[in-house]
Amino acid sequence: MKILEVTLPRVMKFEGGNRQMLNVSLHTQFHYLQYGLVKAVDQTKLKIPVSVMNAWDTTVNAQTKLVEQSSTSERTAKMLALDNERDNLLDGIFHVVRGLKHSPTEATREAALRLEAKLKPYADLRNRPYEMESTGIRGLEDDMSTKTADIAAVGLTDVFARLHVVNEQYEKLRTER
């Protein structure tokens, strides 16, 4: 019997009509099921060399391990934690200002109203993409630099200072990435 040598590339791209892509999990599951179907058939009828079947099995196992591995690094986890803290600080600033607009103390109420006018363009800041949020926070800090007395009047000096520190830490991690 003549041995058939197959010289197929390891990766092939098939273009289908539906233009749908599989993620790694679905791709691995597809190959796992296909491998099982091919392996269940009598190999002498299919004439697929043992080396191809072994390579296919090895590839499916390697892909399965890749799916199980976490794709987030320690730095990514820290960045997500810092972004969450930025979001919470921004949320706190807006809630405090919104609540103090109804303060019985006139000075506090007036300070909150002035801050609200300056904060209005930044209302959706926490929903922006990460880099845009960082830039927006720097813009917010710049706009609030003229409102230090109002910030102190509503008790948010420490919150703005913490927001600055957290944003700088986030940007440092992002640029090191």
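In what follows, the structure referred to is the one given above.
Calculation rules
- Residues numbered from 1 in each chain as written.
- Predicted model: local features only at pLDDT ≥ 70, side-chain atom pairs only at ≥ 80, totals over all residues.
- Heavy atoms only, no water.
- Helix = DSSP H or I, 4+ residues; strand = E, 2+ residues; numbered from the N terminus.
- Buried < 20%, exposed > 50% of the residue type's maximum accessible area, 1.4 Å probe, protein only.
- Contact = heavy atoms within 4.5 Å.
- Areas by Shrake-Rupley, 256 points an atom, 1.4 Å probe, with all protein chains shown as cover.
- Salt bridge = Lys/Arg side-chain N within 4 Å of Asp/Glu carboxyl O.
- Polar contact = N/O pair within 3.5 Å; in protein donor to acceptor, adjacent residues only side chain to side chain.

1. Things to note about the overall build of the protein
In step 1: Assigned secondary structure in the protein consists of eight helices and zero strands.
In step 2: What you see in the protein, going N to C, is helices and strands ordered as α-α-α-α-α-α-α-α.
In step 3: Taken across its 177 residues, the protein has 24% of its residues classed as buried.
In step 4: Taking the contacts inside the protein whose residues are at least 6 apart along the sequence as the reference set, 69% of them involve residues at least 24 apart.
In step 5: Of the roughly 12,800 Å² of accessible surface on the protein, 56% is carried by carbon and sulfur atoms.

2. Notes on the pattern of salt bridges
In step 1: Going through the model one piece at a time under the given rule, you end up with ten salt bridges.
In step 2: Measuring nitrogen to oxygen at the nearest pair gives 3.2 Å for the salt bridge that ties Arg128 to Asp124.
In step 3: Look at Asp124 and you get partly exposed, because its relative accessible area is 40%.
In step 4: Residue Arg174 pairs with Glu131 through a salt bridge whose shortest N-O separation is 3.7 Å. Taken together, the residues span a long stretch of sequence, with Arg174 in helix H8 (residues 157-176) and Glu131 in helix H6 (residues 130-144) at a distance of 43 residues.
In step 5: Residue class for Arg174 comes out partly exposed when judged on its relative accessible area of 27%.
In step 6: If you follow the salt bridges from partner to partner, you end up with Asp83, Arg86 and Glu133 in one network.

3. Considering the environment of Tyr122
In step 1: Turning to its location among the elements, Tyr122 is positioned in the loop between helix H5 (106-119) and H6.
In step 2: Note: C-alpha distance between Tyr122 and Glu133 (eleven residues apart in sequence) is 9.5 Å.
In step 3: Discounting chain neighbours no more than four positions away, the residues touching Tyr122 are Phe94, Gly136, Gly139, Leu140 and Asp143.
In step 4: One polar contact links the side chain of Tyr122 to the main-chain carbonyl oxygen of Gly139, over a distance of 3.2 Å.

4. As for the environment of Thr157
In step 1: Among the secondary structure elements, Thr157 is positioned in helix H8.
In step 2: Residue classification places Thr157 among the partly exposed positions, given a relative accessible area of 44%.

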